[in-house]
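Observations on the model geometry
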Amino acid sequence: MGTPDFAVASLDALIKAGSDIVGVVTAPDKPAGRGQKLNESAVKQYAVANGLKVLQPEKLKNPDFLAELKALKADLQVVVAFRMLPEAVWTMPPKGTINLHASLLPQYRGAAPINWAIINGEKESGVTTFFLKHEIDTGDVLFTEKITLTGTETAGDLHDRLMNKGAGLLVKTVKAVESGRYHEHPQVQLLTGEELKHAPKIFKEDCKIDWLQPAETVYNKIRGLSPIPTAYTDLNGKLLKIYSSELLIDEPAIQPGGFLTDGKTFLKFAAKGGFISVKDIQLEGKKRMGIEDFLRGVKL
């Protein structure tokens, strides 16, 4: 059960490891773009290309869907980047339902763990597999795998690393459940007095840059929201999306949010204790471009 690219890597890894995939559950096709052409999820595209049975329920409690799901007679259900499941679904298989989550649980429960780990300037991240239970992302942990963060990667970079790391961990988990050789660890036991951080869904208002914050905080926010949904600021009355930047520790002599530029090679905004030199940007009404190309076409 999954929808985006992140889930495709896991599905592919399970097939290559010899798992018998009896069905794939993914989101319904959605109209997108100017022509409102129906868009298939990444998981559906992969499933169709590999001859797998695909279910696309609008509602997960629909009796027809539940009957179709039951008819598959799955021993185990695997969830990767899908949506909340009703109890009738996750309790259906005899061996239960496992979930792959892109954080080191219990940290960063929620919809956007990759983004928030970068926004908060974490030094490490990872993936966790666990059995589903009633409260979201709270089930007993099966396996985790950690990775060290560089402090410069974007959410997109971390997404790709965790996507591949998670696929391998999921194969390990499924094989362990199949053999019965595994131990479950309650998440509460994993806490060591550290603060529990959450990963709620990100909305447009969360993406606006506050230049009164420390420069490092702003830098982390830009990284954590790149490439989507993207941090933004105001530039001469127009919205400016910032995809990548460089942190320059300095004490600006201009007001936070003010900027300096030579009109050719750099554009840097002042924040508390430093500058953010923007590298890859998109001004409202224009294409995304590197800073030198941007400055050639815009007079500031």
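Cut-offs and rules
- Residues numbered from 1 in each chain as written.
- Predicted model: local features only at pLDDT ≥ 70, side-chain atom pairs only at ≥ 80, totals over all residues.
- Heavy atoms only, no water.
- Helix = DSSP H or I, 4+ residues; strand = E, 2+ residues; numbered from the N terminus.
- Buried < 20%, exposed > 50% of the residue type's maximum accessible area, 1.4 Å probe, protein only.
- Contact = heavy atoms within 4.5 Å.
- Areas by Shrake-Rupley, 256 points an atom, 1.4 Å probe, with all protein chains shown as cover.
- Lys, Arg positive; Asp, Glu negative; His and termini not counted.
- Charge placed at Lys NZ, Arg CZ, Asp CG, Glu CD.
- Phe/Tyr/Trp six-rings, centres within 6.5 Å; stacked < 30°, edge-to-face > 60°.
- Lys NZ or Arg CZ within 6 Å of the ring centre and 35° of its normal.
- UniProt positions renumbered as here; feature names shortened; annotations may be inferred.
- Salt bridge = Lys/Arg side-chain N within 4 Å of Asp/Glu carboxyl O.
- Domains from an automatic or database assignment.
- Buried area = accessible area lost by both parts, 1.4 Å probe.

Comments concerning the overall build of the protein
The secondary structure content of the protein amounts to eight helices and 14 strands. The principal-axis extents of the C-alpha atoms in the protein amount to approximately 65 × 50 × 30 Å. Within the protein, the proportion of its 300 residues that are buried is 45%. Across the protein, the fraction of contacts at a sequence separation of at least 24, relative to all contacts at a separation of at least 6, is 63%. Carbon and sulfur atoms provide 52% of the accessible area of the protein, an area that totals close to 15,900 Å². Measuring between centres, the 38 positive side-chain charges of the protein sit 4 Å from its 36 negative side-chain charges.

Here we look at the packing of aromatic side chains
Under the defined criterion, the tally for this structure stands at three aromatic pairs. Each ring, one from Phe 131 and one from Tyr 182, has its centre 5.8 Å from the other, and the planes form 55 degrees; the classification is tilted. Highlighted residues: Phe 131 in strand 7 (residues 124-131) and Tyr 182 in the loop between helix 6 (155-179) and helix 7 (215-224), separated in sequence by 51 residues. Here Phe 131 falls in the buried class, since its relative accessible area comes to 10%. Assessed through its relative accessible area of 27%, Tyr 182 is described here as partly exposed. Aromatic rings pair up to connect Trp 211, Phe 259 and Phe 269 into one cluster. If you follow Lys 204 out to its NZ or CZ, it ends over the ring of Tyr 232, 5.8 Å from the centre. Lying over the aromatic face of Phe 275, Lys 268 brings its terminal NZ or CZ to 4.5 Å of the ring centre.

Brief notes about the UniProt feature "domain: Formyl transferase N-terminal" (unreviewed entry) in the protein
Taking the UniProt record as the reference, the feature "domain: Formyl transferase N-terminal" (unreviewed entry) is found at residues 2-173. Secondary structure content for residues 2-173 is 34% helix and 20% strand, while the C-alpha to C-alpha distance between its ends is 17 Å.

Regarding the pattern of salt bridges
The tally for this structure, following the rule as stated, stands at twelve salt bridges. A salt bridge links Asp 29 to Lys 44; the shortest N-O distance between them is 3.0 Å. Highlighted residues: Asp 29 in the loop between strand 1 (24-25) and strand 2 (30-32) and Lys 44 in helix 2 (residues 42-49), separated in sequence by 15 residues. Classification of Lys 44 by relative accessible area gives buried; the value is 12%. A salt bridge links Arg 288 to Asp 280, with the nearest nitrogen and oxygen atoms 2.6 Å apart. By relative accessible area, which is 44% here, Arg 288 ends up partly exposed. Sharing partners across several salt bridges, the network here consists of Asp 29, Glu 40 and Lys 44.

Focus: the domain arrangement of the protein
Entries for the protein in the domain assignment read domain 1 (5-189) and domain 2 (204-297). Centre-to-centre separation of domain 1 and domain 2, based on C-alpha positions: 34 Å. Across the contact, ten residues belong to domain 1 and ten residues belong to domain 2. When domain 1 packs against domain 2, close to 780 Å² is buried across both sides, 53% of that on carbon and sulfur atoms. Broken down residue by residue, the surface that domain 1 buries against domain 2 is led by Ile 118, Ile 119 and Thr 154, which jointly contribute 46%. The interface formed by domain 1 and domain 2 contains one salt bridge.

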